[in-house]
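Survey of secondary and tertiary structure
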Amino acid sequence: MPKAQLFLTCLGDQFYTGTLQNMTRLLEQLGVELVFPAAQTCCGQPLFNNGFEDKTRAVALNFMRAFNQSDAPIIGPSGSCVSMVKHHYPALFQVGTPEHALALDISSRIFEFTEYLVHVLQVTDVGASYPHKVTYHASCHYLREMGLKTEAKALIHAVKGLNFVPLNEEDTCCGFGGAFTVTYPEVSRSMMENKVRNVIASGADTVITCEPGCLMNIAGGLQKAGSSIRAMHIIDLLASH
Amino acid sequence: MSNTPTYIGFEEYSQHIPASIPAAVQQATSRFIVGRAARVAELPEWEQLRQAGSDIRLHTIENMDVYLAQFEEKVKAAGGHVHWAETAEDARQIVLEIAKTHHVKMAVKSKSMATEEINLNQALEAAGIEAIETDLGEYIIQIAGTGPSHILAPAVHLKKEEVAALFSKHLHMNAPDDPIELAQIARKTLREKFLAAEMGISGGNFLIAESGTLVLVTNEGNGRMCTTMPDLHVAVVGIDKIIPDWESLTVFLKLLARSATGQKLSTYTQFISGARRSEGEFGPNEFHIVLLDNGRSNILKDPIGREVFKCIRCGSCVNVCPVYKNVGGFAYGWFISGPIGAIFAPQMLGTQTARELPYASTLCGACADVCPVKIPIPTILRHLRRRVAQGDEFSKPSMPAPLQVTASLTSAALASHWVYRFGTRLLPLINPLFRHNNWLTNMPYPLSRWTKVRPLPAFGAHFRQWWKKRRTTK
Ligand code: SF4
């Protein structure tokens, strides 16, 4: 029986309990034995991406210690947070130190949720059904840093009853960008409104993303626009029956 | 006289963007993107070409002094004059000196980023020399009295109606809003200038070290007129434009035209090696090249930042940038805008002046995906953010103190799971104050900066309790 550790991500933890519960159930149904390291907080990306590399280290150390209680793979519902750990942790520590060795080890065994499903468990059909018109927003770090180009769509296409419609400018940033939303709110607004316009024009009643950050941004934007279109994390789609 | 900015307020500017700018910019950049994609798809070896371009540039960056020395020697051997300008002021003085010696009253210019960088036009005007931009886009913005808003298409922010209005006012005529007719008007007006000017000024796309050749890549033919009609040609070129040899050039020519304008090759590619040697040859009697440093040597010492010098100014990163498309070029406060501006300006002007620019990106990575010479733009943005936030050997930190304090507190809270978990239990308590159904609205600063744009989901970290309960009841 494969074992894995649950990585909530701080946005998931604060705002998407239901999605995390669905992630737990889905993985267990697929026969994964889960542990949850309670000492986890955030991956440190908000500090790292804003230039505070020195202040990121303490957060990264907390993360690595929390997930080093077990040597099982780590699974998170965000390509962006997973990419932070996978691609940027090793560069935070000096080569030759035990922290660097640990960062390399952690980096080698962390997976984004859909990546874990498609590449490790080799599953695309999880038995979900969702009889709706659905479109998909490709999140930037999920797509470009993690290189996950086909995984989400393979999972979406396997959902029964689902009618997929394409999204114009599918891989254009929605304007989230972490602290960018509060650093340049007006620019973030135009980018988000652009995304929301495209989602509405797609004719879908649901838009899927693999990123809690994009989800908050797009769902909030749709709400503000008075649209009834649902923005949904892919995990919640895969948990639909 | 210089209009080099002392502080670039990206945020301030981004709050007052005329709606016409994103509309015009998006229309034009979409055309560029489609053209580029079609030309790139034709070349199965595109990825190898990008790698080759990147490798050659890195090699040149590491051996720049050797290639520049070789270039100088070859230009001199071909009868050209080489001038070294350490600063922008040096470069301006050199050009003014040459103009003075030749009693120049009017100079025609082909599109040049380096002369934009040193504000040459103002210096010439101040010395009583009329400087005429002859690239159509540059001509338009010269009339409009603004800087460029795109490195390739400087007047991209203007609609044809606006250009017609500018022409009508400036040329005292009734200009129609038809692009072809407008180009004809400019062509006729500029033709007289080409004939009258005593000096031609150009930039340069590449400098070939092995033969001392200046390469100019243009589409309108004005570059050729500027560099052949007047008897005096002065080129101002950044030292980063140097490449080793003609073989390298073949790589860059393929990458440049396809990336920039979606052409296989630009309409005119000119090779200028020295001045006219005999009466039978074309070209000016005197050829000068001003090699501009202006801080470049210093940037070359930074192994991460210096990759900016791989740039061939194709504009692809600008065209795909979602931030640029929504703010236009002026928001970047300098003549190079978009992602390349965001990594170039803070290094050239310093992070005290341009500290907002590295943050003018969501780090979405679309730029690095298309860059023909594989500049890791998001990596350099993060590198410069580090310079702003915590300083490095090139600069002191320039981030305001309150943000430094916020970062320290965030770090302390996230590094301790006790503090973090305590916080997650407190946050839901503020929900009732701002709650409308499942959303929070009208929150106080700093969350107001989120909620003024869209509502925030209600706080609700319940996973940990759920997990605990589930374990104990299982
Ligand atoms: S950074 Fe790359 S994509 Fe951008 S202008 Fe320079 S060469 Fe072109």
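This structure is a prediction, so every number in the text was calculated from the model and none was measured.

A few words on the overall build of chain B. Of regular secondary structure, chain B possesses 24 helices and 13 strands. C-alpha extents for chain B along the principal axes are approximately 100 × 55 × 45 Å. The 474 residues of chain B split such that 57% are buried. In chain B, the share of contacts with a sequence separation of at least 24, taken over all contacts with a separation of at least 6, comes to 73%. Approximately 20200 Å² of chain B is accessible, and the part contributed by carbon and sulfur atoms is 57%. In chain B, 51 side chains carry a positive charge and 44 a negative one; their mean positions are 15 Å apart.

We now examine the domain arrangement of chain A. One widely used convention gives an interface's size as the accessible area the parts lose upon coming together. Residues and elements named next belong to chain A. Taken domain by domain, chain A holds domain 1 (3–120) and domain 2 (133–238). For domain 1 and domain 2, the distance between their C-alpha centres works out to 22 Å. In this assembly, 29 residues from domain 1 lie in contact with 20 residues from domain 2. Where domain 1 abuts domain 2, roughly 1900 Å² becomes buried across the two surfaces, and 69% of that area is made up of carbon and sulfur atoms. When the buried area of domain 1 at its contact with domain 2 is split by residue, Y16, T19 and T114 rank highest and sum to 24% of it. Our count for the contact surface shared by domain 1 and domain 2 stands at zero salt bridges. In this assembly, domain 1 and domain 2 are joined by eleven residue pairs in polar contact (both at pLDDT 80 or more). Elements with a contribution of two residues or more to the side of domain 1 that touches domain 2: α1 (10–15), α2 (17–29), α5 (79–92) and α7 (113–120). Ranked by residue count, the leading element in the side of domain 1 that touches domain 2 is α5, at seven residues. Across the side of domain 1 that touches domain 2, the residue classes tally to ten nonpolar, 16 polar and three charged.

Let us look at the pairing of strand β2 (residues 106–109) of chain B. Residues and elements named next belong to chain B. Both faces of β2 are covered, namely the face carrying M106 and V108 and the face carrying A107 and K109. Where β2 lies against strand β3 (residues 130–133), four bridges are found, and the strand directions are parallel. Its bridge partner lying in β3, A107 is registered against A131. Across three bridges, the pairing between β2 and strand β4 (residues 199–202) is parallel. Looking at β4, one finds that V108 is bridged to G200.

Summary statistics for chain B give a mean pLDDT of 95 and a share of 99% for residues scoring 70 or more. Taken over the whole predicted complex, pTM reads 0.97, whereas the ipTM for its chain interfaces reads 0.97.

Between chain A and chain B, the residue contacts involve 63 residues of the former and 60 residues of the latter. When the two sides are added together, the surface that chain A and chain B hide from each other amounts to roughly 5400 Å², 60% of it contributed by carbon and sulfur. When the buried surface of chain A facing chain B is broken down by residue, Q14, F15 and Y184 of chain A rank first, second and third, together holding 12% of it. Run the count over chain A and chain B and you get seven salt bridges. R386 of chain B is paired through a salt bridge with E53 of chain A; the nearest N and O atoms lie 2.7 Å apart.

Next up on the list: the pairing of strand β8 (residues 230–233) of chain A. Direction of pairing for strand β7 (residues 206–209) of chain A relative to β8 of chain A: parallel, over a ladder of four bridges. Paired with I208 of chain A across the two strands is M232 of chain A, which belongs to β8 of chain A.

With that settled, the discussion passes to the site of the ligand. Residues and elements named next belong to chain B. Around the ligand sit 13 residues in total, of which C311, C314, G315, C317 and C371 are the nearest. More than half of the atoms belonging to the ligand lie within 2 Å of the grid points that define the second largest cavity. Partitioned by chemical class, the residues of the shell around the ligand number ten nonpolar, two polar and one charged.

Before going further, it helps to spend a moment on the sheet that holds β3 of chain B. Residues and elements named next belong to chain B. Strand order in the open sheet formed by six strands is β1-β10-β7-β4-β2-β3, with parallel pairing between adjacent strands. Edge positions in the sheet fall to β1 (81–85) and β3, since each of these pairs with one other strand and no more. Neighbour to neighbour, the strand axes of the sheet diverge by 20° on average, direction disregarded. Where helix α4 (residues 64–77) meets the sheet, it contacts β1 and β10 (286–292), and its direction lies at approximately 145° from that of β1.

Within the secondary structure, H137 of chain A sits in the loop between β5 (133–136) and α8 (140–145). Other than its neighbours up to four places away in sequence, H137 of chain A contacts L167, E170, T172, C174, K195, V207, I208, T209, C214 and I218 of chain A.

The next point concerns the packing of helix α8 (residues 136–144) of chain B against helix α9 (residues 160–171) of chain B. All names here are of chain B. One way to put it is that α8 packs onto α9 with a least axis distance of 10 Å and a crossing angle of 65°. Crossing angle aside, the handedness with which α8 passes α9 is left-handed. Contacts between α8 and α9 involve L136, Y139, I140, I143 and A144 from the first element and V163, L166, F167, H170 and L171 from the second.

Okay, unusual backbone geometry next. Residues and elements named next belong to chain B. Cis geometry marks the peptide bond from Y445 to P446; its omega dihedral reads 5°. Along the chain, P446 falls in the loop between β12 (439–440) and α23 (448–451). Residue L363 is not a glycine yet carries a positive backbone phi of 60°. Mapped onto the elements of the fold, L363 is located in the loop between α17 (351–354) and α18 (366–370). Look at N442: it is not a glycine, yet its phi comes out positive at around 50°. By the secondary structure assignment, N442 is in the loop between β12 and α23. Overall, N442 belongs to the exposed group, its relative accessible area being 64%.

Attention shifts here to the sheet that holds strand β13 (residues 456–457) of chain B. Residues and elements named next belong to chain B. With antiparallel pairing, the three strands of this open sheet are ordered in space as β11-β12-β13. Two strands close off the open sheet at either side, each with one partner strand: β11 (435–436) and β13. Examined bridge by bridge, β12 and β13 share two bridges and lie antiparallel to one another. Bridging across to β13, L440 finds its partner in L456.

Let us look at helix α24 (residues 463–473) of chain B. Residues and elements named next belong to chain B. Those residues of α24 that sit buried are F463, R464, W466, W467 and R470. The arc that holds the buried residues of α24, viewed along the axis, is 160°, so those residues lie on one side. Across from the buried face of α24, at angles greater than 90 degrees, the exposed residues are K468, K469, T472 and T473.

What follows is about the packing of aromatic side chains. One pass over the structure, following the stated rule, counts 21 aromatic pairs over all chains. Pairing F36 of chain A with F463 of chain B gives two aromatic rings, centres 5.4 Å apart and planes at 75°, and the pair type is edge-to-face. Here F36 of chain A is found in the loop between β2 (33–35) and α3 (45–48), whereas its partner F463 of chain B is found in helix α24 on a different chain. Taking relative accessible area as the criterion, F36 of chain A reaches 13% and is therefore assigned buried. The structure contains a cluster of three or more aromatic residues connected by ring pairs, namely F180 and Y184 of chain A together with F10, Y324 and Y332 of chain B. Taking NZ or CZ as reference, R57 of chain B lies 5.2 Å from the ring centre of F252 of chain B, over its face. Above the ring of W450 of chain B, the side-chain terminus of R454 of chain B is found at 4.1 Å from the ring centroid.

Definitions and limits used
Residues numbered from 1 in each chain as written. Chains lettered and ligands numbered in written order. Predicted model: local features only at pLDDT ≥ 70, side-chain atom pairs only at ≥ 80, totals over all residues. Heavy atoms only, no water. Helix = DSSP H or I, 4+ residues; strand = E, 2+ residues; numbered from the N terminus. Buried < 20%, exposed > 50% of the residue type's maximum accessible area, 1.4 Å probe, protein only. Contact = heavy atoms within 4.5 Å. Areas by Shrake-Rupley, 256 points an atom, 1.4 Å probe, with all protein chains shown as cover. Lys, Arg positive; Asp, Glu negative; His and termini not counted. Charge placed at Lys NZ, Arg CZ, Asp CG, Glu CD. Domains from an automatic or database assignment. Buried area = accessible area lost by both parts, 1.4 Å probe. Salt bridge = Lys/Arg side-chain N within 4 Å of Asp/Glu carboxyl O. Polar contact = N/O pair within 3.5 Å; in protein donor to acceptor, adjacent residues only side chain to side chain. Nonpolar A, V, L, I, M, F, W, Y, C, P; charged D, E, K, R; others polar. Pairing = 2+ DSSP bridges. pLDDT = per-residue confidence, 0-100. Near = heavy atom within 4 Å. 1 Å grid on protein atoms, 1.4 Å probe; cavity = no way out; pocket = protein on both sides within 12 Å on 5 of 7 lines; lining within 4 Å. Sits in = over half its atoms within 2 Å of the grid points. Axes fitted to C-alpha atoms, helices over the stretch in contact; angles between N-to-C directions. Left-handed = near helix turned anticlockwise from the far one by under 90°. Arc of directions from axis to C-beta. Phe/Tyr/Trp six-rings, centres within 6.5 Å; stacked < 30°, edge-to-face > 60°. Lys NZ or Arg CZ within 6 Å of the ring centre and 35° of its normal.

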